[in-house]
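Each chain is listed here by its residues.
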Amino acid sequence: MPNKINIVQAVQQALQNEMALDPTVVVYGEDVGVEGGVFRATVGLQQEFGEDRSFDTPLAESAIVGSAVGMAINGFKPVVEMQFMGFIYPAFNQIISHVARYRNRTRGQRHLPMVIRAPYGGGIRALEHHSESTEAMFAHIPGLKVVIPSTPYDAKGLLIAAIRDPDPVLFLEPKRIYRAFRQEVPEEAYTLPIGKAKIVKEGDELTVVTWGAMVPDVQKAVSNIDDISVEVIDLRTISPMDRETIVASVEKTGRILIVHEAAKSFGAGAEIMAIVNEKAFLSLEAPPTRLTGFDTIFPLPRGEEHYIPTPARIEAKIRELAAY
Amino acid sequence: MPNKINIVQAVQQALQNEMALDPTVVVYGEDVGVEGGVFRATVGLQQEFGEDRSFDTPLAESAIVGSAVGMAINGFKPVVEMQFMGFIYPAFNQIISHVARYRNRTRGQRHLPMVIRAPYGGGIRALEHHSESTEAMFAHIPGLKVVIPSTPYDAKGLLIAAIRDPDPVLFLEPKRIYRAFRQEVPEEAYTLPIGKAKIVKEGDELTVVTWGAMVPDVQKAVSNIDDISVEVIDLRTISPMDRETIVASVEKTGRILIVHEAAKSFGAGAEIMAIVNEKAFLSLEAPPTRLTGFDTIFPLPRGEEHYIPTPARIEAKIRELAAY
Amino acid sequence: MQFEKFNPLEDEMIQVMDETGEIVDPDLLPELSDEELLKLYHTMRRSRAIDSVALNLQRQGRMLTYAPNLGQEAAQVGTGFALKETDWGVPAFRELGMWLSKGWTVDKILQYWYGSEWGSHHGDDIRLLPVSVPISSQYQHAVGIGMATRLRGEKDVVMAYTGDGGTSQGDFHEALNFAGVYKTPTVFVIQNNQYAISVPRVMQTASKNYAVKALAYGMPGILVDGNDIFAMVAISRWAVEYARENGPVLIEAYTFRMGAHTTSDDPTKYRTDEDVEPWIAKDPMIRFEKYLINKGLLKEDEIEPLIEQFEDEVMAAYRSIEHSSDTEIDEIFKYHYAEMTPQLQDQLDEYLAYLKGADSNAQ
Amino acid sequence: MQFEKFNPLEDEMIQVMDETGEIVDPDLLPELSDEELLKLYHTMRRSRAIDSVALNLQRQGRMLTYAPNLGQEAAQVGTGFALKETDWGVPAFRELGMWLSKGWTVDKILQYWYGSEWGSHHGDDIRLLPVSVPISSQYQHAVGIGMATRLRGEKDVVMAYTGDGGTSQGDFHEALNFAGVYKTPTVFVIQNNQYAISVPRVMQTASKNYAVKALAYGMPGILVDGNDIFAMVAISRWAVEYARENGPVLIEAYTFRMGAHTTSDDPTKYRTDEDVEPWIAKDPMIRFEKYLINKGLLKEDEIEPLIEQFEDEVMAAYRSIEHSSDTEIDEIFKYHYAEMTPQLQDQLDEYLAYLKGADSNAQ
Ligand SMILES: Cc1ncc(C[n+]2csc(CCOP(=O)(O)OP(=O)(O)O)c2C)c(N)n1
Ligand SMILES: Cc1ncc(C[n+]2csc(CCOP(=O)(O)OP(=O)(O)O)c2C)c(N)n1
Ligand SMILES: [Mg+2]
Ligand SMILES: [Mg+2]
């Protein structure tokens, strides 16, 4: 029986594999236990591993993350869920002031092997605060790692790597493509390296860097383009960023487009442009360019179609940049 | 009697002027009332305007900001203090989920004329969490403005503008230079435009963009440089950023160095580099460059001297970039 | 009525009318004219009509996520009814009955749930805040509104809502603590409907009930049968006047969420028919109808036509917004600041130019 | 000792020894050997010696900001004393007396206040968390440690501290609520020293006292004279065992901050001598010394030499770290992740290269 699963199932399977292998892994959050999560990412875990290993919490994100700090200090590897990225902010103080700082604060005496999972991104016709992508803010926090997978295979391998990582990882799951497609994935546990981007498609005339739910959109755009040789990079880890892969690609192509869903200004695209300036300036044949969400609040569903760059817009932008 | 005052006095005077002119301005926060603030930025206000207009609060940043949202909805212009920028994070949810969103959420029916003040930045030999500069995170939030003055004159004019602004402003005060120097400043109220950078020194060979407490450090560095014509821009508003001034300068000089105190990766420097790429790519004669704090937690005092770029390092970097 | 002496530690619940529609505590029965009784009833029925039409439309794909109120009408309408027009309503997201009392019009309510920001533009004279999705964050706005009222020497009251789950948030605590210190004119209402999505009361807090939480802030805390419209009106009227003159009050309205959390939720995943069963008999509507019929203010056979009439009104309201609710592109950019920033203007222009180009390419 | 039945709403405070050193409640007097009595006393005196040396050094510019504990020694030492070595201490930042009980060594404590991260590297066997500056955020870590303990079926207790100001933070509330739900083995200690920097109790909360806040979480809440070492030991011992077997407890230690908030603070800006005056007589040290002298365990003329001895020890500890506490450059980069990222390595290399260049330029 092949294990053909979608992203949310891959997340579930990663949790299940690691809980079976490592008794110190615990999974908790709002609606995570009995219900198995509002997106069903933790379904079956309480049944299989008991209420001690997978459980519900009171409605309080700060305490969910803050208690995970304590559990990590005291020998566990907590994997906690924020129900949506838009609801991570009550926990912001715990994340920036403690999660990211414990190792440095104690000069290595205490470290926090913990994962904060959150579905992120828009395009699911949801109410306010259910469409956020603020990965850039978290990537700016020293001591934190920020990972975003875009396929079932990567989701599983990266989540297991995040759980095994001795340091805290913010693991953002692109909920727009949670169930978009299935992929054959090993049934057993495996890891993929955090901090490594993936070249999704090789090319030598123009580089597109993207991540999360934008990856299939970029692929779609590129599949319409025969006349330009586009290299597509799935960043996979926002911080620490795989500069080598990006720089090597731009040295080859001379042109780079960054596509992300988050607001443009002060987004992760800016950092990538900065890196390219610092490391590949002389290779540039056109200005590094970004195609992103607007600097606006994510519109409510009657307007959301305008916000996320569509494959058609991506294609147009690629053509524009190639023609520069 | 000339009104020669330092930055913290300028802040106090701005508050005093506006409270006298506008009875809807109220000033509150932890230790803000009776004591007049731990940095004495609100000293005398309670005596002059009474306990209704300037008062102390319980120790709860989220409620300080959240209640200000309510006050602003109900006819007041609250100016609230976060004791240090490192303690703004408990209020992060209120800021990103409400402060920045009310106008858009209600399609303009309700807007929030409020100011959040916070001393920011390091270099004062303080304990942990007292040295933060995370302006880039806040600048990434649509609906918020982020202002950072670097002189008494600007501090007063910009704070008054912030108070009068119909929209919420995060006003970050460079505490390292709170008392560094005095400047003659009009006694009465005046405003300076939010969103406009200031050319501190004209030049035509290299542009330095900086803000806050780094401005005098850059000036010092530049004062040692006779052989390169450096233009120094004090950004003053981080968001919305004055792209025109930056771009015009780079079109002239072809070279840009951004100097900030915050961590490098995903900092405001990256956004400026992105803007230059987008708007002045063909003028560039060297890669846009940044000299910033490290991607580390701000070191405790026994190590803090290494963190903030010194005038000597700035000078060296300017020379390096000019020689590119 | 010395409710400020009510001791929530004794865990007794205030009830005026029992499940059969009998008045069990006549002393507490609020004075209500026939007209007022019918107004209460009609608002409850209207609320239920909106719920059922919205759920239907949602199933047909003509609405987005929707959070039903079924079973909580007395708690919402009873509290909202006690407010003057100059008083403020500060909702979470499941306060339909109160919204109607405060004048949020049905078309706009539906427009909100249909996914348009214009739904939250209530109109200038309405003292009601928009839905607040981040749980309990709105409690602090309520306190701030009250601080402002107090500073101006005015006497408006602010009624603020959250759920049982909402009591676990830090913002809940900070808001009540501020209210205690500044003696703000706030009535904090906890709609304890026994669940926060799937999480039951026992996983939410170990306190005896939710009303006792008031003791931590030096304010009265009152536990009341949230399915009893008379108890809700009585306590709310008292609480509003107490808040107006003295300071904050906390009310726990003990009720039950009969439906799903939202249309995205499947409650069979976490609760059984047996969990729901006992509450069917407690339905606040049935109880009230029994009373009204006994009193001769309502006839059994008037109910169905009334429901139909209200549902028709709701459908009409829906039709008025269904085809006009698409967001204009420039509206996405226009309302972030009083003046659009150059960045936003650029982005809007670039997008419009793209659309124009794509359009002419397509031709 | 049925402290779980203690009713904080009655606002009575547990006291064992009054201000004159008389035992006023012999039933509650904890069993303590002479050795234990002297250990308590010496720890309190050591704490005060560290305080006074640190303040002196700070005035000489040889220390950075420092937060004095003067007057709060009984609250800190009494609670810390009740912990086993396997129990955890989770401090805010003003818990010197507890730190000593938990084994944070004087040199490292001074190194912390001197501005070196190495001060917070306590050593592997010490179950004490580092100072937590963001107020009350540490309460949640305490709860998490307890959740872990409980999951492993172990019996360790976690003693967590905050101040009166700290009770206003959302994190305080969320932590106690979690503790109640999961029945974690946590003793929450509020050192109510009457001020949060300049903000007095009356501006902090309207609750009767801080102990009543426990009622909101279904846990016992006890108000105790924080300047009475015997009351502190008695309640702490009980609380620790109660927490070990049953679940969380809240203790309000009623005390007073005799000194400034920190060395950056000037209390004359917000309080008068009259505010401080009454508390001088309540000094926990004087009270305890009277008792020990009465009991023949201490002689009046032993006190000064003891103070001198302790202060000399502190100065010796300080000298051992004064010149060795500068941060090595690579340490700034090394401890952010188990493995340094390429970004950090680049930044370190670039900085070192700069220093080398600057150095050779200077030659
Ligand atoms: C800060 C935050 N976290 C999580 C959510 C997701 N969420 C929406 S409603 C809800 C449960 C609310 O429960 P309760 O307060 O009891 O209100 P009810 O839904 O029962 O009316 C949750 C967890 C949210 N909206 N905000
Ligand atoms: C979140 C946060 N806000 C503000 C501060 C600044 N601050 C440090 S100590 C303090 C007062 C603390 O009062 P309390 O909890 O009573 O403890 P005490 O200082 O009296 O021991 C404040 C406001 C902080 N450290 N953290
Ligand atoms: Mg509920
Ligand atoms: Mg205190």
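Residues numbered from 1 in each chain as written. Chains lettered and ligands numbered in written order. Predicted model: local features only at pLDDT ≥ 70, side-chain atom pairs only at ≥ 80, totals over all residues. Heavy atoms only, no water.

Enquirer: I'm lost on the coordination of the magnesium ion (ligand 3) in this one. Help?
Expert: Under perfect tetrahedral coordination by four donors, a metal shows angles of 109.5 degrees; under perfect octahedral coordination by six donors, it shows angles of 90 or 180 degrees. Residue and element names in this part refer to chain C. The magnesium ion (ligand 3) binds to the protein through Asp-164 (OD), Asn-193 (OD1) and Tyr-195 (O); the donor distances cover 2.0 Å. Along the chain, the residues that donate to the magnesium ion (ligand 3) are spaced as D-x28-N-x1-Y. Across this residue pair, the class does not change: Asn-193 and Tyr-195 are buried. (Donors = N, O, S within 2.8 Å, 3.2 Å for Na, K, Ca; no water. Buried < 20%, exposed > 50% of the residue type's maximum accessible area, 1.4 Å probe, protein only.)

Enquirer: What is the right way to read the pattern of salt bridges from this model?
Expert: A side chain of one charge can pair with a side chain of the opposite charge when the charged atoms of the two come close. The full count for this structure, using the stated rule, is 80 salt bridges over all chains. Here Arg290(A) and Glu278(B) are joined by a salt bridge, their closest N and O atoms 2.7 Å apart. Placement of Arg290(A) in strand 14 (residues 289–293) and of Glu278(B) in helix 10 (residues 268–280) is noted, with the two residues assigned to different chains. We classify Glu278(B) as partly exposed; its relative accessible area is 32%. (Salt bridge = Lys/Arg side-chain N within 4 Å of Asp/Glu carboxyl O. Helix = DSSP H or I, 4+ residues; strand = E, 2+ residues; numbered from the N terminus.)

Enquirer: Quick question: what am I supposed to make of the interface of chain C and chain B here?
Expert: Note: interface size is frequently given as the accessible area lost on complex formation between the parts. Counting residues at the interface gives 43 residues for chain C, matched by 45 residues for chain B. Roughly 3700 Å² is buried in total at the junction of chain C and chain B, and carbon and sulfur atoms are behind 57% of that figure. For the pair chain C and chain B, the interface holds 3 salt bridges. The residue Glu117(C) makes a salt bridge to Arg107(B) at a minimum N-O spacing of 3.1 Å. Linking chain C with chain B are 26 residue pairs in polar contact (both at pLDDT 80 or more), by the criterion used here. (Contact = heavy atoms within 4.5 Å. Buried area = accessible area lost by both parts, 1.4 Å probe. Polar contact = N/O pair within 3.5 Å; in protein donor to acceptor, adjacent residues only side chain to side chain.)

Enquirer: I keep staring at the site of ligand 2 and nothing clicks. Help me out?
Expert: In the vicinity of ligand 2 lie 20 residues, with Glu61(B), Arg94(D), Asp164(D), Asn193(D) and Tyr195(D) positioned nearest. In this structure, ligand 2 sits where chains B and D come together, each supplying nearby residues. Between a nitrogen atom of ligand 2 and a main-chain N or O atom of Val133(D), the distance comes to 2.9 Å. Its residues assigned to classes, the shell around ligand 2 shows 9 nonpolar, 7 polar and 4 charged. (Near = heavy atom within 4 Å. Nonpolar A, V, L, I, M, F, W, Y, C, P; charged D, E, K, R; others polar.)

Enquirer: Explain the packing of helix 1 (residues 34–59) of chain D against helix 2 (residues 73–81) of chain D here, please?
Expert: Between two packed helices, both the angle of their axes relative to each other and the distance between the axes serve to describe the pair. Residues and elements named next belong to chain D. Between helix 1 and helix 2, the shortest axis-to-axis distance is 10 Å and the interhelical angle comes to 130°. In this view, helix 1 runs oblique relative to helix 2, as classed from their interaxial angle. Between helix 1 and helix 2 lies a crossing of right-handed hand. In this structure, helix 1 contributes Glu-36, Lys-39, Leu-40, Thr-43, Met-44, Ser-47 and Arg-48 to the contact, and helix 2 contributes Glu-73, Ala-74, Val-77 and Phe-81. (Axes fitted to C-alpha atoms, helices over the stretch in contact; angles between N-to-C directions. Parallel < 35°, antiparallel > 145°, perpendicular 65-115°, else oblique. Left-handed = near helix turned anticlockwise from the far one by under 90°.)

Enquirer: Whenever I open this one, the site of ligand 1 confuses me. Can you help?
Expert: Contacts to ligand 1 come from 20 residues, most closely from Glu61(A), Arg94(C), Asp164(C), Asn193(C) and Tyr195(C). The local environment of ligand 1 is shared, drawing residues from chains A and C. The side chain of Glu61(A) places a nitrogen or oxygen atom 2.5 Å from a nitrogen atom of ligand 1. Gly165(C) is positioned with one of its backbone polar atoms (N or O) 2.8 Å from an oxygen atom of ligand 1.

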